[in-house]
Structures are given as structure tokens and as C-alpha cells.
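Understanding the architecture of this molecule
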Amino acid sequence: MEILHSRIYGEDQPGTPLLVMHGLFGMSDNWGSFGREFGEKVPVHLIDLRNHGHSFHDDEMSLSAMVEDLAAYIQHHGLQEVDILGHSLGGKVAMQYAVSKSTNIHKLIIADIAPKAYPPHHQKIIEALKAVKMEEANNRGDVEDQLRQYLNETGVIQFLLKNVYIKEDRTLDWRFNLKTLTEKYAEFITVGVEPGVYEGETLFLSGEKSNYILEEDYLLIKEMFPNSEIKTVPKAGHWVQAENPKAFNELVTQFLG
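Structural notes, computed from the coordinates. (Residues numbered from 1 in each chain as written. Predicted model: local features only at pLDDT ≥ 70, side-chain atom pairs only at ≥ 80, totals over all residues. Heavy atoms only, no water.)

Points about helix α11 (residues 245–256)
For the record, the criterion: Strands are runs of DSSP state E lasting at least two residues, helices are runs of H or I lasting at least four, and both sets are numbered from the N terminus onward. Here, expected helix span is obtained from the residue count minus one, scaled by 1.5 Å. Think of it in three bands: residues with accessible area under 20% of the maximum for their type are buried, residues over 50% are exposed, and the middle band is partly exposed, with areas taken using a 1.4 Å probe on protein chains only.
Taking 1.5 Å per residue as the helical rise, α11 with its twelve residues ought to reach 16 Å, and the 16 Å between its terminal C-alpha atoms agrees with that figure. Taken together, the buried positions of α11 are Ala-247, Phe-248, Asn-249, Leu-251, Val-252, Phe-255 and Leu-256. At the C-terminal side of α11, Gly-257 shows a positive phi close to 65°.

Encoded structure:
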């Protein structure tokens, strides 16, 4: 089995390793400053999910496949007990891992996602990504110009542009596997976490300006994660760690103790 790519900070630190998983179209690099800060206290593994970042590309993109990837990663690195932090899609993988294979989790942190099924909500981004003609782009600026014809949120555009890289033949491409992510979208985004219960300590962090975790989701969260607390990151939307890193990092620090 192929092992997920990761960037590790503070590998020699004592304490429980913290595994971090990004969201859809993201990658470990999005969490670099978080990794550097927390890597001064504990080992931090910033993981690229399959079909993202520097990890392998594969035709399968299901929650169960990503759970197996995480299990293989933990075994490969010989980690006995781990703390897990997952944002958005990464949070969904973390929740599914917790309810199905929870034996080695110490503490679990879920950033701005609930265990419920979500309706499709990335259509505009997918439409923009599919419309980009990489063969006509000489640099990131050219890609940005193309994206701007479809998207007007600068933050989202900058987030997507982090995935542009120069191949060996000097042409540009996306780091993520756009084909699989768009074709299998419904199989991993619009499904909820399979029913189960995780009894361990869990922290849900909701962005104050985000609508990903609603009050009506609290009941399901408590059913599946009875030992959980839900806290709000002020002045933050869905990208909680990027929009208010100070408050986000403080809440994570308090919870991990």
C-alpha cells in the first residue's frame, strides 16, 4: 500500500504526535505555520490526503479508503498513540477513523465540519478549475487570470493557486488530482460519517462566520461523540486556522493540555 506524504515538524519532541489533515483542494503546506508553532512542543505530522499535495493519485476517493490510508500511515511511522486534527474533508476522515478504528487516538479535534451529509457545495470552484487551460498558462498569474473569470473571492483563488506547480517539462499543472476529485466528488463530499460512537475526548471548532456546523447538528455530534465539546473560533469563516490563527491555536493548545 502506498504511504501518504507528510511534512513532519518537531520529530524529536516528546509527547503525543499530532496528525493534521487538510480539507478538499488543500495540502499540508496550508498548515505550515501551525506545524512550526506546535512542532516546538510535540511532533506534528502535516499529512497530504490521497489525490492531494505530494501524496499519490488514485482512482478511488472514498472515506473508507482514506481511513485505511491513515491507518497505514500510523503503522508505517510506528506511532503508538496519536492526537488527530482534521479540517473539513480531513475532519470527516478523522471522524470516520475515530468511530471505526479508535484504539490509538488520545484526543481528537475536528475543525469546522459535522458528521452529517452535506449537499454539493463546490460547484463554482470545480467549474473554475475545469475551465483553466494550463497549456495556455506560462505562470501562476496566468492561471489566476483564468480563475478570476469564474471566482471573485481572492482568498479562495489564492488558496487554489498554492496547488499550481511547474513540471519537469516546464509546463504547469495542479498538484491535486482534479479528474478523480471531480468525478468522485459525490462519493466523499456528500456522504456523512458512517454511524458509530467514539467515546474519547473530542473538540469541535466551529468558525463564527461559517455555516458548516449549525446548532441543529449538535444532537448528532453528541450522539456520535458523547465526550465532545463544541467551541467557536471568533471572526473566522470556514478556514478557521487561517482566518484567526491566534484564537484557533489557543483553543487547540488548551484542549491538548
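A few points about the environment of Ala-247
Worth spelling out the cut-off: Contact definition: two residues touch when any of their heavy atoms are within 4.5 Å.
Mapped onto the secondary structure, Ala-247 falls in helix α11. What makes Ala-247 buried here is its relative accessible area of 14%. Ala-247 sits twelve residues away from Lys-235 along the chain, and the two C-alpha atoms are 9.2 Å apart. Here Ala-247 is in contact with Val-233 and Pro-234, once residues within four sequence places are set aside.

What to know about helix α3 (residues 89–101)
The end-to-end C-alpha distance of α3 is 18 Å, a good match for the 18 Å that 13 residues give at a rise of 1.5 Å each. In terms of residue burial, α3 counts as a mostly covered element, since eleven of its 13 residues are buried. For α3, the set of buried residues is Leu-89, Gly-90, Gly-91, Lys-92, Val-93, Ala-94, Met-95, Gln-96, Tyr-97, Ala-98 and Val-99.

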